[in-house]
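The primary structure of each chain is shown beneath.
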Amino acid sequence: AAGMTLRTEAIPELRTALNNYVDDELRNMMQREVRADVTLSEAFISLDGLTQLEKLEPTGQANPAPIFYYRGVLDGMKLVGKQGDHAQISFKVDGVVQRAIAFQAPSKWPFFAQGDEVELLLAIRENDWQGVRRAQLEVLQAREYRIDE
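Counting from 1, residues in each chain are numbered in the order their sequence is written. Under the rules for a predicted model, residues below a pLDDT of 70 receive no local features and side-chain atom pairs below 80 are neither given nor counted, while totals for whole chains, interfaces and linings still include all residues. Values shown for side chains rest on all heavy atoms present in the structure; no hydrogens or waters enter the calculation.

**Q** Would you explain the overall build of the chain in this entry?
**A** Summing up its helical and strand segments, the chain has three helices and six strands in all. Within the chain, buried positions represent 28% of all 149 residues. Here, residues are in contact when the closest pair of their heavy atoms is within 4.5 Å. Long-range contacts, defined as pairs at least 24 residues apart, comprise 55% of the intrachain contacts of the chain with a sequence gap of at least 6. Roughly 10800 Å² of accessible area belongs to the chain as shown, and the carbon and sulfur atoms make up 50% of that amount. Strands are runs of DSSP state E lasting at least 2 residues, helices are runs of H or I lasting at least 4, and numbering of each runs from the N terminus. For the exposure calls, accessible area comes from a 1.4 Å probe over protein chains only, and a residue counts as buried if that area is under 20% of its type's maximum, exposed if over 50%, partly exposed in between. The accessible surface values rely on the Shrake-Rupley method and a 1.4 Å probe; as for residues, cover is taken only from the protein chains in view.

**Q** Would you mind going over the packing of aromatic side chains with me for this structure?
**A** Geometrically, a pair of aromatic rings is defined through the distance of the ring centres and the angle of the planes. Aromatic rings from Phe, Tyr and Trp, with only the six-membered ring used for Trp, were paired whenever their centres fell within 6.5 Å, and each pair was classed as stacked if the ring planes differed by under 30 degrees, edge-to-face if by over 60, and tilted otherwise. For the structure shown, the criterion picks out two aromatic pairs. Ring centres of Phe44 and Phe68 lie 4.9 Å apart, and the angle between their planes is 55°; this geometry places the pair in the tilted category. Here Phe68 lies in strand β2 (residues 68-80) and Phe44 lies in the loop between β1 (38-39) and α2 (47-54), a separation of 24 residues in the sequence. Accessibility expressed as a relative area gives 1% for Phe68, which makes it buried.

**Q** What should I look at first to understand the side chain of His86 in this one?
**A** Its place among the elements puts His86 in strand β3 (residues 86-93). The class for His86 is buried, based on a relative accessible area of 16%. In the analysis that follows, any N or O atom pair within 3.5 Å is treated as a polar contact, provided that within protein one partner can donate a hydrogen and the other can accept it, and provided that, for residues neighboring in sequence, both atoms belong to side chains. Looking at His86, its side chain comes within polar contact range of the main-chain nitrogen of Gln104, at 3.0 Å.

**Q** Sorry, what's going on with the pairing of β3 here?
**A** The side chains of a regular strand alternate, residue by residue, between the two faces of the sheet. Within β3, six of the eight residues are buried, leaving the element largely enclosed by the surrounding structure. Following DSSP output, two strands are said to pair if at least two bridges run between them. Sheet analysis places β2 next to β3, joined by six bridges and oriented antiparallel. If you follow Leu79 over to β3, its bridge partner there is Ala87. Connecting β2 to the next strand, β3, in antiparallel fashion are five residues, including Gly81 with a positive phi near 100°. Bridge count between β3 and strand β4 (residues 96-102): seven bridges; the pairing is antiparallel. The residue of β4 that forms the bridge with Ser90 is Arg99.

**Q** Would you mind going over the nonpolar core with me for this structure?
**A** Most often, soluble globular proteins keep nonpolar side chains buried together rather than apart. Side-chain atoms within 4.5 Å are what join buried Ala, Val, Leu, Ile, Met, Phe, Trp, Tyr and Cys residues into a set we call a nonpolar core. Formed by 23 residues in total, the largest nonpolar core has its most connected members in Leu40, Phe91, Leu120, Leu122, Ile124 and Val139. Among the secondary structure elements, those contributing two or more residues to this core are α2, β2, β3, β4, β5 (117-129) and β6 (132-144).

**Q** Just to check I follow, could you spell out α2 for this structure?
**A** Note on helix geometry: an α-helix contains 3.6 residues per turn, so any two residues three or four positions apart are oriented the same way. Of the positions making up α2, those classed as buried are Gly49, Leu50 and Leu53. Buried residues of α2 fall within an arc of 100° about the axis and therefore sit on the same side. Residues of α2 that are buried make contact with β2, β5 and β6. Relevant arc is that of directions from the helix axis to the C-beta atoms, nothing else.

Okay, here's the thing in structure tokens:
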């Protein structure tokens, strides 16, 4: 909590300055480098895998949740959400088709087409929808896979 005295006519200037500061900080946070902890495998994408990951909790700044790496071919991508502002992508992990949600995908990443080779950084989260609990993949970062020449 903080207190301050401010002239009423100075409020718009303060609002602009604070909004600019927050925009800059958020942009810096979004551009920070994220490193994967482990390559994604089918064993992690299950309720049992989720239970094993929960043993690492509590997670937070001092103990971040594991980040998974995937490199492979996209089997599909479709826009979801009321305004199509998220994407559901599918790809194979250990020969099994998996789906992941990419929140705010249109504003974060270029769209990839089926058959494109990509690199993804993912989190595994619990999804409890209509009483059904399952492990859900969430895309944290995505890029097209390119071999540097």
